[in-house]
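Next come the chains, spelled out residue by residue.
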Amino acid sequence: MPAPDPAAVDLLGLVAYGELLAFDRLAADARLAPDLRRRAALSELAAAGIAHYRWITDRIAALGATPEDAVAPYAEALEAYHDSTEPRDWLEAVTKAYVGDAITDDFLREIADGLDGPERRLVLDVLHDTRYAEFAAAEIRAGIAADPRVANRLSMWARRLLGEALSQAGRVAAADRGALTALIARREGVDVPGLFRRITDAHTARMTAAGLNN
């Protein structure tokens, strides 16, 4: 078997650990839900995360690599992000799901565009779909409608999430063995500062859509 593309393995390792942590976090956050319907909705998202983790680790193994080795460089950085952004209540939990996960998805989507073949398709398939964002945004808007004062608190929380997510991306880059940076470099006209600007612009648009202040 030919040696696997190290860029593909490293990206899959990053995504796999992110999905595993998403499962852990969403399962815990579901207990903050104010009713059974919303608890079930977040639990379903958690279940999707663990399914995605299995798909990705199966692909890593099929490429001839060890999943544990592929995720190891990124574990500390990803855990640090989630440890520093623990939500205190339901609205902070769904804001983190809406803002924080979308920033991560944008970052991974940009990197995945440097891949070819089934690995690129797999990464894009496991990124959160629009139902996920629509659910979280609707919860944020409903919370603001019920108490307009929460808009400022959630806006400050969302800005903190942006800062922590960008710091996380920096930690990931520091932990990277060079393969992810190479994926970005494969795309003509794309650089890291430009990538971060696009992520920030998309974050601003999401804030507006959810009724939050930039």
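An account of the accompanying structure is given in this report. Here the residue numbers are simple positions, counted from 1 along each chain's written sequence. Totals for whole chains, interfaces and linings use all residues, but because this is a predicted model, local features are given only for residues with pLDDT of at least 70 and pairs of side-chain atoms are given and counted only at 80 or more. The basis for every side-chain value is the complete set of heavy atoms in the structure, and neither hydrogens nor water enter the calculation.

Bringing the overall build of the protein chain into the picture now. Looking only at helices and strands, one finds nine helices and zero strands in the protein chain. Listing the helices and strands of the protein chain from first to last along the sequence gives α-α-α-α-α-α-α-α-α. Within the protein chain, the proportion of its 214 residues that are buried is 49%. Residue contacts follow a heavy-atom distance rule, with two residues in contact if any of their heavy atoms lie within 4.5 Å. For the protein chain, the share of sequence-separated contacts (at least 6 apart) that also reach a separation of at least 24 residues comes to 82%. Here the accessible surface of atoms and residues is derived via Shrake-Rupley with a 1.4 Å probe, and residues count as covered only by protein chains that are part of the display. For the protein chain, the exposed surface amounts to about 10,100 Å²; the carbon and sulfur share of it is 56%. Secondary structure counts use DSSP, requiring at least four H or I residues in a row for a helix and at least two E residues in a row for a strand, with both numbered from the N terminus. For the exposure calls, accessible area comes from a 1.4 Å probe over protein chains only, and a residue counts as buried if that area is under 20% of its type's maximum, exposed if over 50%, partly exposed in between.

Here we take up the packing of helix α1 (residues 6-29) against helix α4 (residues 90-112). Note on definitions: angles span 0 to 180 degrees between N-to-C directions of axes, and those axes are lines fitted to C-alpha atoms, for helices only across the stretch in contact. Running from N to C, α1 and α4 point in directions that differ by 170°, and their axes come no closer than 12 Å. Judged by the angle between their axes, α1 and α4 are roughly antiparallel. Residue-level contacts link L11, L14, V15, R25 and D29 of α1 to W90, A93, K96, A97, D101, F107, L108, I111 and A112 of α4. Reported orientations rely on four angle classes, namely roughly parallel under 35 degrees, roughly antiparallel over 145, roughly perpendicular from 65 to 115, and oblique for the rest.

This paragraph deals with the side chain of D29. In this structure, D29 sits in helix α1. The buried category is assigned to D29, whose relative accessible area is 3%. The contact partners of D29, leaving out residues within four places of it in the chain, are L42, P87, W90 and A93.

Between rings of Phe, Tyr and Trp, where Trp is taken as its six-membered ring, a pair exists when centres lie within 6.5 Å; planes separated by under 30 degrees are stacked, by over 60 edge-to-face, and by other angles tilted. A full pass over the atoms with the stated rule returns one aromatic pair. Between W90 and F135, the aromatic rings sit 6.4 Å apart at their centres with planes inclined by 75°, giving edge-to-face as the arrangement. In this pair, W90 is assigned in helix α4 and F135 in helix α6 (residues 130-146), connecting sequence segments 45 residues apart. Residues W90 and F135 agree in their burial class; the two are buried.

Each patch is built from salt-bridge-free residues with over 30% relative accessible area, joining like charges within 9 Å and nonpolar side chains (Val, Leu, Ile, Met, Phe, Trp, Tyr) within 5 Å. The salt bridge definition used is simple: a Lys or Arg side-chain nitrogen within 4 Å of an Asp or Glu carboxyl oxygen. For the charge count, each Lys or Arg is scored as positive and each Asp or Glu as negative, with His and the chain ends excluded. Charge placement uses NZ in Lys and CZ in Arg. For Asp and Glu, CG and CD serve respectively. Judged by side-chain charge, E76, E79, D83 and E86 come together as a negatively charged surface patch. Secondary-structure assignment places D83 in helix α3 (residues 67-84). The class of D83 is exposed, set by a relative accessible area of 63%.

So, about the environment of A8. As for its placement among the helices and strands, A8 is situated in helix α1. Spatially, the C-alpha atom of A8 lies 9.9 Å from that of G117, the residues being 109 residues apart in sequence. In contact with A8, other than residues within four places in its own chain, are L115 and E119.

A few words on the side chain of K96. Examined against the element boundaries, K96 turns out to sit in helix α4. Although K96 is buried, it makes no salt bridge; E86 carries the closest opposite charge, 5.6 Å away. Side-chain atoms alone can form a polar contact between residues adjacent in sequence; in general such a contact is a pair of N or O atoms within 3.5 Å, and within protein one must be able to donate a hydrogen while the other accepts it. A polar contact of 2.9 Å, which involves the side chain of K96, links it to the side chain of T85. If we skip the residues at most four places from it in the chain, K96 touches R25, Y81, H82, T85, P87, D101, W157 and L161.

Attention now moves to α4. The end-to-end C-alpha distance of α4 is 32 Å, a good match for the 33 Å that 23 residues give at a rise of 1.5 Å each. Consider a residue and the seven residues that end there alongside the seven that start there; fitting an axis to each set, the bend is the angle between those axes. At K96, α4 shows its largest kink, close to 25°. Counting buried residues in α4 gives 21 out of 23 residues, a clear majority hidden from the surface. Measuring from the backbone nitrogen of L91 back to the side-chain oxygen at the start of α4 gives 3.3 Å, which picks out D89 as the cap. Given a helix with a known number of residues, its expected span is that number minus one, times 1.5 Å.

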